[in-house]
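One-letter residues, chain by chain:
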Amino acid sequence: MVKVGLTGGIGSGKSEVSRRLSARGAVVIDADKVAREVVEPGTEGLERIIALFGAEVLREDGSLDRERLGSIVFADSDKLASLNAVVHPLVGARVAELQRQADEDAIVVYDVPLLVENNLAPMYDVVVVVDAADEVRLDRLVRLRGMAEGDARARLAAQASREDRLKIADIVVPNEGSLEELEARVDELWADLSARAGT
C-alpha cells in the first residue's frame, strides 16, 4: 500500500486531481467528505458543535450551516481551533476505518486540505501538492464558485502559505492552465505512484 497525502490551497484544483486519480484506480479518502459525515444530524460531532457555537449554526432542517459556521471560525483563530479540536479526532477515527478497508496493494490517496496546517506530512509515504498562484486561486474562487472577494481572501489567509505547502511536497502538480494540461500532469503523477506501488 502506498499512502499519498494530497493537498493544495483552496482553489488550487486539488479536488479535480483527486477525482482523476480515483478514475485511474486510486482509493480516495476525502477528508472534507469525512468531515461532513462526522457532523451530520444525529452525530456526536454535531452535538458538540451546537454546544460550542449554539443552534444558530444550524439550518432549518437541523443540518449544519457550514457557510455560517465558516464565517464565524475563519474570522477568529480561537474559534477555529475549538472547532478543529472537535472535528479532527472524529475525522481521524473514520479515516483509519476507511484505510483498513482498502486492499493491501492499493494506492490510497488522502485528500487533505489542511495537511500542512496540521503537520500531517509524516503520516504519508508521498506528499503531493497541487499548486497554483494565489491570484489564480482567488480568481477561481470569485469567478467559478461565486465567493465574495473578501470571503475568498479570508479563506486564503486562513490556510498555510503557498511556500509552506511547497516545502513539504515530494511531488508538485502545477495547475494554472487548462484541464487538458492537468490531465497530462495527472497521467505523469499516476505513473510515478504506480511505480512506487510496484504495480
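Located above this text is the structure these notes cover.
Asks: For this particular structure, what's the right way to read the overall build of the chain?
Replies: Across its full length, the chain carries 9 helices and 5 strands. Traced from its N-terminal end to its C-terminal end, the chain shows the element sequence β-α-β-α-α-α-α-β-β-α-α-α-β-α. The C-alpha atoms of the chain give 17 Å as radius of gyration, which agrees with the globular expectation for 199 residues (16 Å, within 12%). Principal axes of the C-alpha set define a box for the chain whose edges measure 50 × 40 × 30 Å. For the chain, the proportion of its 199 residues judged to be buried stands at 41%. Look at the contacts in the chain between residues 6 or more apart in sequence, and 72% of them connect residues 24 or more apart. Carbon and sulfur atoms make up 49% of the accessible area of the chain, which amounts to about 10500 Å² in all. Each charge sign in the chain was given a centre, from 25 positive and 37 negative side chains, and these centres are 1 Å apart.

Asks: Explain the environment of E104 to me, please; I cannot follow it from the model alone.
Replies: You can see E104 is positioned in the loop between helix 5 (77-101) and strand 3 (107-111). Since its relative accessible area comes to 73%, E104 is described here as exposed. For the pair E104 and E37, spaced 67 residues apart in sequence, the C-alpha separation works out to 25 Å.

Asks: What is the right way to read the environment of L80 from this model?
Replies: Of note, L80 is situated in helix 5. On a C-alpha basis, the gap between L80 and G70 in space is 8.6 Å, while along the polypeptide they are 10 residues apart.

Asks: When you look at the packing of aromatic side chains in this model, what are you seeing that I'm missing?
Replies: For any pair of aromatic rings, the description consists of the separation of the ring centres together with the inter-plane angle of the planes. Within the structure shown, the criterion is met by 1 aromatic pair. Where Y110 meets Y124, the ring centres are 5.2 Å apart and the plane angle is 45 degrees; that geometry is what we call tilted. Placement of Y110 in strand 3 and of Y124 in the loop between strand 3 and strand 4 (126-131) is noted, with a sequence separation of 14 residues between them. The two residues Y110 and Y124 agree in class, both being buried.

Asks: Just to check I follow, could you spell out the sheet that holds strand 4 for this structure?
Replies: Within a sheet, neighbouring strands are paired by backbone hydrogen bonds and run either parallel or antiparallel to one another. The strand order across the open sheet built from 5 strands is 2-3-1-4-5, with neighbouring strands paired in parallel fashion. For this open sheet the edge positions go to strand 2 (27-30) and strand 5 (171-174), each flanked by a neighbour on one side alone. Between one strand axis and the next, the sheet turns by 25 degrees as a mean value, whatever way the strands run. As paired elements, strand 4 and strand 5 share 4 bridges and run parallel to each other. From the neighbouring strand, V128 faces strand 5, where its bridge partner is I171. The sheet strands contacting helix 5 are strand 1 (2-7), strand 2 and strand 3, and the helix crosses strand 2 at an angle near 170 degrees.

Asks: Where do I start with unusual backbone geometry in this structure?
Replies: Of all residues except glycine, most have a negative phi; of all peptide bonds, most are trans. The backbone of N119 sits at a positive phi, close to 50 degrees, despite the residue not being glycine. For N119, the position within the fold is in the loop between strand 3 and strand 4.

Asks: Is there a simple way to explain the pattern of salt bridges in this structure?
Replies: One side chain can pair with another of opposite charge once the charged atoms of both are near each other. Following the criterion strictly, the structure yields 18 salt bridges and no others. Of the charged contacts in the structure, one is a salt bridge between K14 and D111, with a shortest N-O distance of 2.5 Å. In this pair, K14 is assigned in helix 1 (residues 14-23) and D111 in strand 3, connecting sequence segments 97 residues apart. Judged by relative accessible area, K14 falls into the buried class, the value being 8%. Accessibility expressed as a relative area gives 1% for D111, which makes it buried. D131 is paired through a salt bridge with R162; the nearest N and O atoms lie 2.8 Å apart. Here R162 lies in helix 8 (residues 162-167) and D131 lies in strand 4, a separation of 31 residues in the sequence.

Asks: I would appreciate a short explanation of the packing of helix 3 (residues 44-53) against helix 5 in the present structure.
Replies: When two helices pack together, their arrangement is given by the angle between their axes and by how far apart the axes lie. In the contact formed by helix 3 and helix 5, the axes pass within 10 Å of each other and the chain directions differ by 165 degrees. With respect to helix 5, the element helix 3 is oriented roughly antiparallel. With respect to the hand of their crossing, helix 3 and helix 5 are arranged in right-handed fashion. Of the residues in helix 5, those touching helix 3 at E44, G45, R48, I49, L52 and F53 are K79, S82, L83, A85, V86, V87 and L90. Along the lines of polarity and charge, the residues of the contact of helix 3 with helix 5 split into 8 nonpolar, 2 polar and 3 charged.

Asks: What is the right way to look at the packing of helix 4 (residues 66-73) against helix 5 in this model?
Replies: Closest axis-to-axis distance for the helix 4/helix 5 pair is 7 Å, and the angle between their directions is 130 degrees. Taken together, helix 4 and helix 5 sit at an angle that is classed as oblique. Where helix 4 abuts helix 5, its residues L69, I72 and V73 lie against S77, K79, L80 and L83.

Reading the values: rules and limits
Residues numbered from 1 in each chain as written. Predicted model: local features only at pLDDT ≥ 70, side-chain atom pairs only at ≥ 80, totals over all residues. Heavy atoms only, no water. Helix = DSSP H or I, 4+ residues; strand = E, 2+ residues; numbered from the N terminus. Rg over C-alpha atoms; globule rule 2.2 N^0.38 Å. Buried < 20%, exposed > 50% of the residue type's maximum accessible area, 1.4 Å probe, protein only. Contact = heavy atoms within 4.5 Å. Areas by Shrake-Rupley, 256 points an atom, 1.4 Å probe, with all protein chains shown as cover. Lys, Arg positive; Asp, Glu negative; His and termini not counted. Charge placed at Lys NZ, Arg CZ, Asp CG, Glu CD. Phe/Tyr/Trp six-rings, centres within 6.5 Å; stacked < 30°, edge-to-face > 60°. Pairing = 2+ DSSP bridges. Axes fitted to C-alpha atoms, helices over the stretch in contact; angles between N-to-C directions. Salt bridge = Lys/Arg side-chain N within 4 Å of Asp/Glu carboxyl O. Parallel < 35°, antiparallel > 145°, perpendicular 65-115°, else oblique. Left-handed = near helix turned anticlockwise from the far one by under 90°. Nonpolar A, V, L, I, M, F, W, Y, C, P; charged D, E, K, R; others polar.

All we've got here are geometric facts, nothing functional implied.
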